[in-house]
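Understanding the architecture of this molecule
Letter by letter, the chains look like this.
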Amino acid sequence: MAFVAAAAGWLLRLRAAGAEGHWRRFHGVGLARGFLHPSATVEDAAQRRQVAHFTFQPDPEPREYGQTQKMNLFQSITSALDNSLAKDPTAVIFGEDVAFGGVFRCTVGLRDKYGKDRVFNTPLCEQGIVGFGIGIAVTGATAIAEIQFADYIFPAFDQIVNEAAKYRYRSGDLFNCGSLTIRSPWGCVGHGALYHSQSPEAFFAHCPGIKVVIPRSPFQAKGLLLSCIEDKNPCIFFEPKILYRAAAEQVPIEPYNIPLSQAEVIQEGSDVTLVAWGTQVHVIREVASMAKEKLGVSCEVIDLRTIIPWDVDTVCKNADPFSLGLYPTGKMKEETNNLY
Amino acid sequence: MRKMLAAVSRVLSGASQKPRHGFAMLPSLVSISRLKQSSQLGLPKCWDYSYSLKTRQASRVLVASRNFANDATFEIKKCDLHRLEEGPPVTTVLTREDGLKYYRMMQTVRRMELKADQLYKQKIIRGFCHLCDGQEACCVGLEAGINPTDHLITAYRAHGFTFTRGLSVREILAELTGRKGGCAKGKGGSMHMYAKNFYGGNGIVGAQVPLGAGIALACKYNGKDEVCLTLYGDGAANQGQIFEAYNMAALWKLPCIFICENNRYGMGTSVERAAASTDYYKRGDFIPGLRVDGMDILCVREATKFAAAYCRSGKGPILMELQTYRYHGHSMSDPGVSYRTREEIQEVRSKSDPIMLLKDRMVNSNLASVEELKEIDVEVRKEIEDAAQFATADPEPPLEELGYHIYSSDPPFEVRGANQWIKFKSVS
């Protein structure tokens, strides 16, 4: 009886998260049943999975962008891609398994809507995918490449760092691949182990020429992705895979932009500044409330959003300059800002 | 021997028991007592079966007078060749002993994969699990064509190879369930199993092929006449590093056998939609290649022997494409029917199942009887059950071991965990 109740509860929650036709998600490397709802596993406590705990906290409904709809992360990505392909006739989406909708359902329906010339599969070749994307972008078309998991981005590392990032610089602004955006599922998911859990943003964080963006929620994701696609620099957009289904909130249907290189102060505080991005923002939010409750510490929570070039000003505004170590002031600060 | 006769006479004089599965209980009882004896010595590795087989054979002569042939000659499919004048032979001799050994090994791999499927659905195995049932002829056939001192490296569909390269089923299942008794001490899981001369078990598609070329270089350097079998799939065949490995192997004449296990689908993408040329055996271009029927174990064995002889003679690398099929989906999250029809899977199962093909051959040429093979099935089932029992009951590795073997360092190196207050000792 408890089994039936738990299963019913799980199914209802999935439906609430907008998971119609959820059986179809078992294409390719899909997600194991019920993996995002550790509390909904139907067997006894002895077998319950020990997933790192966090609760997604949806932001309040945005009023300034028109009508909104309840979307989870992958649906908000689909919406952003839909808006891009509608607005920009040169936009193309490609990657492994994107045609049928992608292993995380981010591109569902796009091939039917925009045709097989604009949404197509590539063979299994990450270096080829990114290199090919750079080529498309150099001619002026908008290239949206997908790397199936961030763990597989490394064969493409050379193309990103040596080709994409430096194209504008080495050609003296004659050519650029600014219309390239690389999207990739990112971060731990509980059962991903070595090769489906990695967070490689740090490897790219020291490479001038590219932008690395990581959203924390569906609303942020759509706005940031649209900004990345329209940005005149090659961008890497990492999508926290554990939030694909778990994070659902009201997202505007029409396109809108969230500026890059701008961190967001989610919670004001006076004692300690906590900086996080992606999934960890929700963990940090909980930590902040626990710190307030148990230690009486007032924490400022900042979502960095863009990893590189990062918003030094917002982060350092309240933070004690000496506790941060090296803090550019005066002329050095100006120079640092002008680097990007 | 005396014990055997005593057991037989006990059974003959004892109360009659209802026969199970429609055949006499007698031979099974004899075998089970033998199995109990050998299990006290530790579960036998796959090549020890020939010894117990011989003893059982002798005892069986007493209870059932049936003469089996010692060996039989079979015709096998001719391989398509690329840049080769001659290919492997089209006939081969299979001895009774070998036949029973291959049958047992294939059946063990099959049952082990099905047990892994069951355990995964019960959530005793977590994470990723890529099963190779349907491809048993590849792992057993390849092993039959090489020596234990040769080397093998493959991708993530590795459970079958882990077994044929010498690990026991209980070590494999315990690794799948993430327990201490697993071959990688419970820290590797499905995709990361290793054994002597078996280099895994690799998660990143195509990354193992340059590694295999490197192992082949070591073989050549050491001069011990060993070869390296480097396996990859039809999806991986489109990765750039494969071609880099081809070039290096051919340039330096490395004893590397590149083997493409073509099971027609790279995850969910059929070969026609992924590759400009689906003649994977020709993809090596300047490397000679052969296309082999991967569902026929004898074909695989002969082709492997041929390829190994080619490499050992110093002529350089060679490429083999094994045309095979997997019954399960890409992994346990994939039902496997959204990109192919159930009819197709059924057709392959009924017409080309490797175990069925071997069984039919052996029975029709009087190398073994149906009952004998059924008996092997029962024994294998029992072995898998025991292993699954062990795998479920064994304790997980202790938390201190989380940081072990990150670095090799004396004294143990301290590694930072998820935050600066969590420290793991990297003992190695």
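Keep in mind that what you see is a predicted model, and the values were worked out from it rather than measured. (Residues numbered from 1 in each chain as written. Chains lettered and ligands numbered in written order. Predicted model: local features only at pLDDT ≥ 70, side-chain atom pairs only at ≥ 80, totals over all residues. Heavy atoms only, no water.)

Considering the overall build of chain A
The test is simple: For the purposes of this entry, the term helix denotes a DSSP run of H or I that reaches at least four residues, the term strand denotes a run of E that reaches at least two, and both are numbered from the N terminus. Accessible areas in this description were obtained via Shrake-Rupley with a 1.4 Å probe; residue shielding takes into account the shown protein chains only.
Within chain A one finds 12 helices and 12 strands. For chain A, the computed accessible surface area is about 15,300 Å², with 58% contributed by carbon and sulfur atoms.

Examining the pairing of strand 8 (residues 248-252) of chain A
When a strand is regular, its side chains alternate between the sheet's two faces. Residues and elements named next belong to chain A. As a reminder of what qualifies: Under the scheme applied here, a residue whose accessible area is under 20% of the maximum for its type counts as buried, over 50% as exposed, and between as partly exposed, the area being computed with a 1.4 Å probe on protein chains only. Two strands qualify as a pair provided DSSP detects at least 2 bridges between them.
The buried fraction of strand 8 is high, at 4 of 5 residues. Alignment of strand 1 (residues 68-72) against strand 8, held across 5 bridges, turns out to be antiparallel. Within strand 8, the position partnered with Gln-69 by the bridge is Val-251.

Here's the deal with unusual backbone geometry
For residues besides glycine, phi is generally negative; the peptide bonds are generally trans as well. With omega at -10°, the peptide bond leading from Ile-308 of chain A into Pro-309 of chain A counts as cis. Assignment of secondary structure puts Pro-309 of chain A in the loop between strand 12 (306-308) and helix 11 (312-318). Even without a glycine there, the phi angle at His-405 of chain B is positive, about 65°. Tracing the backbone through its elements, the reader meets His-405 of chain B in the loop between helix 14 (370-393) and strand 11 (413-416).

Some remarks on the sheet that holds strand 10 (residues 318-323) of chain B
Residues and elements named next belong to chain B. The line we're drawing: As a rule, the C-alpha atoms of each element are fitted with a line to give its axis, helices using only the stretch in contact, and angles between N-to-C directions run from 0 to 180 degrees. Any two residues whose heavy atoms approach within 4.5 Å are treated as being in contact.
Strand order in the open sheet formed by 6 strands is 2-9-10-6-5-4, and the pairing between neighbours is mixed. With partners counted over all chains shown, the strands left at the sheet margins are strand 2 (80-82) and strand 4 (151-153), one partner each. Mean inter-strand twist for the sheet, computed between neighbouring axes without regard to direction, equals 20°. The pairing of strand 5 (residues 228-233) with strand 6 (residues 256-262) spans 6 bridges and is parallel. Paired with Leu-229 across the strands is Ile-257, a residue of strand 6. The strands touched by helix 5 (residues 136-145) within the sheet are strand 5, strand 6 and strand 10, with strand 10 carrying the most contacts at an inclination of about 145°.

Description of the pattern of salt bridges
Residue and element names in this part refer to chain B. Formally: What counts as a salt bridge is simple: a side-chain nitrogen of Lys or Arg found within 4 Å of a carboxyl oxygen of Asp or Glu.
Considering all chains together, one arrives at 33 salt bridges over all chains under this definition. We note a salt bridge from Lys-282 to Asp-279, for which the minimum N-O separation is 3.8 Å. Taking relative accessible area as the criterion, Lys-282 reaches 36% and is therefore assigned partly exposed. As a salt-bridge pair, Asp-279 and Arg-291 come within 3.2 Å of each other at their nearest N and O atoms. Of this pair, Asp-279 sits in the loop between helix 10 (271-274) and strand 9 (289-293) while Arg-291 sits in strand 9, and the two are 12 residues apart along the sequence. On the basis of relative accessibility, which here comes to 24%, the residue Asp-279 falls in the partly exposed class. Its relative accessible area of 16% is what places Arg-291 among the buried residues.

A closer look at the confidence of the model for chain B
Residue and element names in this part refer to chain B. Applicable threshold: Residue-level confidence of the predictor is what pLDDT reports, using numbers from 0 through 100.
The pLDDT averaged across chain B works out to 87; a share of 85% of its residues lies at or above 70. Predicted confidence is poor over residues 14-45, with pLDDT under 50, and the contacts of this stretch with residues over four places away or in other chains come to 34 contacts. If you check the scores for this complex, the pTM reads 0.78 and the ipTM reads 0.73.

Some points on the sheet that holds strand 4 (residues 143-146) of chain A
Residues and elements named next belong to chain A. Here we have 7 strands laid out as an open sheet, ordered 3-2-4-5-7-6-12, and mixed in their pairing. Each edge of the sheet is formed by a strand with only one pairing partner; in this case those strands are strand 3 (119-121) and strand 12. Recorded for the sheet is a direction-independent mean angle of 20° between the axes of neighbouring strands. Pairing of strand 5 (residues 180-186) with strand 7 (residues 235-240) involves 6 bridges; the strand directions are parallel. The residue of strand 7 that forms the bridge with Pro-185 is Glu-239. Across the sheet, helix 2 (residues 73-87) lies against strand 2 (92-95), strand 3, strand 4, strand 5 and strand 7, angled at about 150° from strand 7, the strand it touches most. Contacts from helix 8 (residues 218-230) reach strand 4, strand 5, strand 6 (211-213) and strand 7 within the one sheet, and its direction differs from that of strand 7 by about 160°.

With respect to the domain arrangement of chain A
Residue and element names in this part refer to chain A. What counts, and what does not: Note: domain ranges come from an automatic or database domain assignment. Defined in terms of a 1.4 Å probe, buried area is the accessible area two parts forfeit on being brought together, summed over both.
Here chain A is partitioned into domain 1 (68-252) and domain 2 (264-318). Using only C-alpha atoms to locate each centre, domain 1 and domain 2 end up separated by 26 Å. In this assembly, 18 residues from domain 1 lie in contact with 14 residues from domain 2. By the criterion of area lost to domain 2, the three top residues of domain 1 are Val-212, Ile-214 and Arg-216, representing 45% of everything that side buries. For the interface between domain 1 and domain 2, the tally reads 2 salt bridges. For the salt bridge of Asp-303 with Arg-216, the shortest nitrogen-to-oxygen distance reads 2.7 Å. The set of elements that each furnish at least two residues to the side of domain 1 that touches domain 2 consists of helix 7 (201-204), strand 6 and helix 8. Looking at the side of domain 1 that touches domain 2 element by element, the count peaks at 3 residues for strand 6.

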